[in-house]
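Okay, here's what each chain looks like letter by letter:
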Amino acid sequence: TAIISLDDPASRGMVMELMMQNRHRIVPVSVSARAAGGIFVDGHMLIDDMDHKAVKALDLATLPTLMGRHNWQNACAAYAVGRALGLEIDVIAAAMREQRDNGKKRIEIAQAFGFGLAAVDRALAQAAEAQPAAGDTFRSTSHVHDPNR
């Protein structure tokens, strides 16, 4: 089983190539488009279409440790792994609800005047492809800060 994102051109091309070969089970995942036969996000709902039934599996907006589309893409991939291993939807969703923030990518450090203050891990802040995702994640915060500078 190959679990591959549809959210960038290179990966999308890989999915198409592997599907045309018809030798592997491909599970597409996406946070930006419907992924037929895979896992995708519609609004903030994680949709499981692996059985072609488009089941609303999990409301990602209720998971404070998985803020932002980049983390939602990771959640789709992790969810797809669980399903590929034969786990039931409710078991995977419960495990994701219990996930705790390890503090490496996001640390809430204060609430001030109704705005969240947050720190972004330096590794995330330095990855060029991750910067737009980090910015999207924290666009509603009053400050984004690299604590390692």
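Going by the structure above, here's the rest.
Overview of the structure.

What counts, and where the lines are drawn
- Residues numbered from 1 in each chain as written.
- Predicted model: local features only at pLDDT ≥ 70, side-chain atom pairs only at ≥ 80, totals over all residues.
- Heavy atoms only, no water.
- Helix = DSSP H or I, 4+ residues; strand = E, 2+ residues; numbered from the N terminus.
- Buried < 20%, exposed > 50% of the residue type's maximum accessible area, 1.4 Å probe, protein only.
- Contact = heavy atoms within 4.5 Å.
- Areas by Shrake-Rupley, 256 points an atom, 1.4 Å probe, with all protein chains shown as cover.
- Polar contact = N/O pair within 3.5 Å; in protein donor to acceptor, adjacent residues only side chain to side chain.
- Salt bridge = Lys/Arg side-chain N within 4 Å of Asp/Glu carboxyl O.
- Pairing = 2+ DSSP bridges.
- Axes fitted to C-alpha atoms, helices over the stretch in contact; angles between N-to-C directions.

## Examining the overall build of the protein chain
Counting its secondary structure elements, the protein chain contains five helices and eight strands. Helices and strands in the protein chain line up, N terminus first, as β-α-β-β-β-β-α-α-β-β-α-α-β. Expressed as a percentage of its 149 residues, the buried residues of the protein chain come to 36%. Expressed as a percentage of contacts within the protein chain between residues at least 6 apart in sequence, the contacts between residues at least 24 apart total 46%. Of the roughly 8,900 Å² that the protein chain leaves accessible, carbon and sulfur atoms contribute 55%.

## Some details on the side chain of serine 30
With respect to the element layout, serine 30 can be found in strand 2 (residues 26-30). Among the polar contacts listed, one links the side chain of serine 30 to the backbone nitrogen of serine 32, at a separation of 3.0 Å. A distance of 2.9 Å separates a polar atom in the side chain of serine 30 from the backbone nitrogen of alanine 33.

## Describing the environment of glutamine 21
Positionally, glutamine 21 belongs in helix 1 (residues 9-21). Within the structure, the side chain of glutamine 21 is placed 3.0 Å from the side chain of arginine 23, a separation counted as a polar contact.

## Some details on the pattern of salt bridges
If you walk through the whole model with that rule in mind, you get three salt bridges. A salt bridge links aspartate 49 to arginine 34; the nearest nitrogen and oxygen atoms lie 3.6 Å apart. Taken together, the residues aspartate 49 in the loop between strand 4 (45-48) and strand 5 (55-59) and arginine 34 in the loop between strand 2 and strand 3 (39-42) connect sequence positions 15 residues apart. Close ionic contact of aspartate 51 with arginine 83 constitutes a salt bridge, the shortest N to O distance being 2.9 Å. Separated by 32 residues along the polypeptide, aspartate 51 in the loop between strand 4 and strand 5 and arginine 83 in helix 2 (residues 68-84) bring together distant segments of the chain. The partly exposed category is assigned to aspartate 51, whose relative accessible area is 48%. Look at the salt bridges and you will find they share partners, linking Asp48, Asp51 and Arg83 into a network.

## A word on the sheet that holds strand 4
Read across the open sheet, the five strands follow the order 1-2-3-4-5; overall the sheet is mixed. Single-partner strands in this sheet number two, and they are strand 1 (2-5) and strand 5. Going across the sheet, the axis of each strand differs from the next one's by a mean of 30 degrees, ignoring polarity. The sheet strands contacting helix 1 are strand 1 and strand 2, and the helix crosses strand 1 at an angle near 145 degrees. Docked against the sheet, helix 3 (residues 89-98) engages strand 4 and strand 5, running at close to 15 degrees with respect to strand 5.

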